[in-house]
Amino acid sequence: MIKSKIAFILFATLLLTGCGNIKTIKSFSTSFAESTSEQQARIRIISDKGMVRGVPNSECIDYALPGSGVMTAYYNGFADLNWKELDLPDGKFPDKQFPAGAVWTELAIDGDKPIALHYILNEHLQSCSVMANFTPESGQDYEAYFKTGSVECSVNITNISENKTSTHSDKLALNQAELCNWQDMF
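Residues numbered from 1 in each chain as written. Predicted model: local features only at pLDDT ≥ 70, side-chain atom pairs only at ≥ 80, totals over all residues. Heavy atoms only, no water.

Enquirer: Describe the overall build of the protein, and please don't skip the residues or the numbers.
Expert: Scanning the protein for helices and strands turns up one helix and nine strands. Ordered by position in the sequence, the α and β elements of the protein form the string α-β-β-β-β-β-β-β-β-β. Across the protein, every contact between residues at least 6 apart in sequence was considered, and the portion connecting residues at least 24 apart equals 65%. A total accessible area of about 10,300 Å² is found for the protein, and carbon and sulfur atoms account for 56% of it. (Helix = DSSP H or I, 4+ residues; strand = E, 2+ residues; numbered from the N terminus. Contact = heavy atoms within 4.5 Å. Areas by Shrake-Rupley, 256 points an atom, 1.4 Å probe, with all protein chains shown as cover.)

Enquirer: Describe the environment of Ile43, with residues and values.
Expert: Of note, Ile43 is situated in strand 1 (residues 40-47). The exposure class of Ile43 is buried, given its relative accessible area of 0%. Along the backbone, Ile43 and Ala108 are 65 residues apart, and their C-alpha atoms lie at a distance of 6.5 Å. Not counting residues within four places of it along the chain, the set of residues in contact with Ile43 comprises Leu88, Thr105, Glu106, Leu107, Ile109, Phe134, Tyr142 and Ala144. (Buried < 20%, exposed > 50% of the residue type's maximum accessible area, 1.4 Å probe, protein only.)

Enquirer: Account for a nonpolar patch on the surface, with residues named and values stated.
Expert: On the surface, a nonpolar cluster with roughly 260 Å² of combined accessible area is contributed by Tyr74, Tyr75 and Phe78. Tracing the chain through its elements places Tyr74 in the loop between strand 3 (69-73) and strand 4 (103-110). (Patch = residues over 30% accessible without salt bridge, like charges linked within 9 Å, V, L, I, M, F, W, Y side chains within 5 Å. Salt bridge = Lys/Arg side-chain N within 4 Å of Asp/Glu carboxyl O.)

Enquirer: Quick one: what's the story with the pairing of strand 1, residue by residue and with numbers?
Expert: Successive residues of a regular strand alternate their side chains across the two faces of the sheet. Counting buried positions along strand 1 gives six out of eight residues, so the element sits mostly inside the fold. Note that strand 1 and strand 4 share eight bridges and pair antiparallel. Directly across from Ala41, in strand 4, lies its bridge partner Ile109. In the sheet, strand 1 pairs with strand 7 (residues 141-148) via six bridges, with the strands oriented parallel. Of the residues in strand 7, the one forming a bridge with Arg42 is Asp141. (Pairing = 2+ DSSP bridges.)

Enquirer: Could you give me a rundown of the packing of aromatic side chains, with the residues and numbers involved?
Expert: All chains considered together, the criterion is met by six aromatic pairs. Judged by centre distance (5.9 Å) and plane angle (75°), the rings of Trp83 and Trp104 are edge-to-face. Here Trp83 is found in the loop between strand 3 and strand 4, whereas its partner Trp104 is found in strand 4, with 21 residues between them in sequence. Assessed through its relative accessible area of 48%, Trp83 is described here as partly exposed. A ring pair is formed by Phe134 and Tyr142, whose centres lie 5.3 Å apart and whose planes are at 65°; its orientation type is edge-to-face. (Phe/Tyr/Trp six-rings, centres within 6.5 Å; stacked < 30°, edge-to-face > 60°.)

Enquirer: Which residues make up the sheet that holds strand 7, and what values go with them?
Expert: A sheet is described by the order of its strands in space; here four strands give the open sequence 4-1-7-8, paired in mixed fashion. Each end of this open sheet is capped by a strand with a single partner; those strands are strand 4 and strand 8 (153-159). Sheet twist, expressed as the mean angle between neighbouring strand axes with direction ignored, is 20°. (Axes fitted to C-alpha atoms, helices over the stretch in contact; angles between N-to-C directions.)

Enquirer: Tell me what's going on with the side chain of Thr105, and back it up with residues and numbers.
Expert: The residue Thr105 is located in strand 4 in this model. Once you skip the residues sitting within four places of it in the chain, Thr105 turns out to touch Ile43, Arg44, Ile45, Met71, Thr72, Leu81, Asn82, Trp83 and Lys84.

Enquirer: Can you lay out the pattern of salt bridges for me, pointing to particular residues and giving the numbers?
Expert: A pair can form between side chains of opposite charge whenever their charged atoms are brought close. Evaluation of the coordinates by the stated rule reveals six salt bridges. Across the pair Arg42 and Asp141 runs a salt bridge whose closest N-O atoms are separated by 2.8 Å. With a gap of 99 residues between them, Arg42 in strand 1 and Asp141 in strand 7 connect regions that are remote in the sequence. We classify Asp141 as buried; its relative accessible area is 9%. For the salt bridge of Glu106 with Arg44, the shortest nitrogen-to-oxygen distance reads 2.9 Å. Placement of the pair is Glu106 in strand 4 and Arg44 in strand 1, with a sequence separation of 62 residues. Counted as one network, the salt bridges with shared partners bring together Arg44, Glu85, Lys96, Glu106 and Glu143.

So yeah, pure geometry; function would need other evidence.
Written out as structure tokens, the structure reads:
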């Protein structure tokens, strides 16, 4: 009787752990789905070394949600939308003069709905992760710069719309995103 309970608990744990791993693997092999809504914003994603994945219409990270996937990836072999252009105005880096080795993309995202972004880097002796969310306004353009520092990763998102009077000082207050489901960490 006790052996069958232990076996059931182990089996259930494996199932739960496996489901989380399948979602995680899918999140690396699926590209982010751009918005087809009439209420759109646009975003330029710049990553110095890592990968940026997005979860549309969510304040938390859940790669099982529709449209979730890789936006840009530094290394080959992952799904990505690197180098896509939508003619966004200049941001922090005029004329797309990004830091050496950076990858970038420009994507349409849903306006007036939250989006969760996850930057992850795991390279040699350096590893870090940043999860943030914000709600872009329809008709606005944004630039998200994800970078790796000597101690931690960071993200800055700026409204770069041409109709803004001060494009470079409109840094957004970001919310920290969490996992939607605790079992996704396994």
